[in-house]
Each structure stands twice: as C-alpha cells, then as structure tokens.
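Here is what each chain is made of, one letter per residue.
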Amino acid sequence: NVQAVRLVIADELHLIGGEVGPTIEVVVSRMRYLAAQLDLPVRVVGLATSLANARDLAEWIGCGPGGCFNFHPSVRPVPLEVHIQGFDISHVP
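Residues numbered from 1 in each chain as written. Predicted model: local features only at pLDDT ≥ 70, side-chain atom pairs only at ≥ 80, totals over all residues. Heavy atoms only, no water.

Caption draft 1: Representation of the overall build of the chain. Looking only at helices and strands, the chain has 2 helices and 2 strands in total. Along the chain, from the amino end to the carboxyl end, the secondary structure elements read β-α-β-α. Computed over the C-alpha atoms, the radius of gyration of the chain is 17 Å, more than 25% above the 12 Å expected from 2.2 N^0.38 for a compact globule of 93 residues. Seen through its principal axes, the chain has C-alpha atoms that stretch 50 × 40 × 20 Å. (Helix = DSSP H or I, 4+ residues; strand = E, 2+ residues; numbered from the N terminus. Rg over C-alpha atoms; globule rule 2.2 N^0.38 Å.)

See below:
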C-alpha cells in the first residue's frame, strides 16, 4: 500500500534531465503529493553525483534549509574529471 510509505530514497537524481528523468520526477512528485493530501509525513532522501543545482533539487524534494549536503568534488575517493565538448553546428528545432 503506497499510503504506508514513510521513506522514499531517490537515487541517481543527477539523471533527472535524461531519459529516466520523467520517471524519477513523477515518482517523487506523486509521493510528495500523496503525503500532502493525506497529511502524512514522508521523508524523501535524494542521492546524486556532483550537482551544480543541488539546492534546486533539494527544494523540489521538500528539503528544508540546512538539510542539503552537497560535498565538494575534492572529497570524492576517485577524482572527478570535467570535460566540455563544443559542437560547431547549428541547432534547428
């Protein structure tokens, strides 16, 4: 019974802009909606790799101020490499 759920762990939140993003968004949003409608506490824990918009995602899942832990890439056990690839083509929708 989905109404008995009190903890939702949303892993891979960095994929929200990708192919599985809509599924993650629907599941988390639906759980928050049900919690609000039924006035039941549901804790949402979001996990992701390094994010530029961690605070935005934290606000979306209902995280209060001080509840977002966004660790600097330097604390990773494996160094993070950033690569930016530019494309010299025009984009026409």
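Caption draft 2: Summary view of the environment of Val-5. Among the secondary structure elements, Val-5 is positioned in the segment before strand 1 (7–10). C-alpha of Val-5 to C-alpha of Ile-89: the two residues are 84 residues apart in sequence and 48 Å apart in space. When neighbours within four sequence positions are excluded, Val-5 is seen to be in contact with Met-31 and Val-42. (Contact = heavy atoms within 4.5 Å.)

Caption draft 3: Looking closely at the environment of Arg-55. In this structure, Arg-55 sits in helix 2 (residues 54–60). Residue Arg-55 is classed as exposed on the basis of its relative accessible area of 71%. A sequence separation of 13 residues divides Arg-55 from Val-42, and the C-alpha atoms of the two residues are 19 Å apart. (Buried < 20%, exposed > 50% of the residue type's maximum accessible area, 1.4 Å probe, protein only.)

Caption draft 4: A look at a nonpolar patch on the surface. On the surface, Leu-7, Ile-9, Val-45 and Leu-47 cluster together into a nonpolar patch covering about 330 Å² of accessible area. Judged by its relative accessible area of 31%, Val-45 falls in the partly exposed class. (Patch = residues over 30% accessible without salt bridge, like charges linked within 9 Å, V, L, I, M, F, W, Y side chains within 5 Å. Areas by Shrake-Rupley, 256 points an atom, 1.4 Å probe, with all protein chains shown as cover. Salt bridge = Lys/Arg side-chain N within 4 Å of Asp/Glu carboxyl O.)

Caption draft 5: Expanded view of the pairing of strand 1. Only one face of strand 1 is buried: it carries Val-8 and Ala-10, and the other face, with Leu-7 and Ile-9, is open. Sheet topology note: the strand 1/strand 2 (residues 43–46) ladder contains 4 bridges and is parallel. Residue pairing across strands places Val-8 opposite Val-44, the latter belonging to strand 2. As a crossover connection, the stretch from strand 1 through helix 1 (residues 21–38) into strand 2 is right-handed. (Pairing = 2+ DSSP bridges. Right-handed = clockwise from strand over helix to strand, strands pointing away.)

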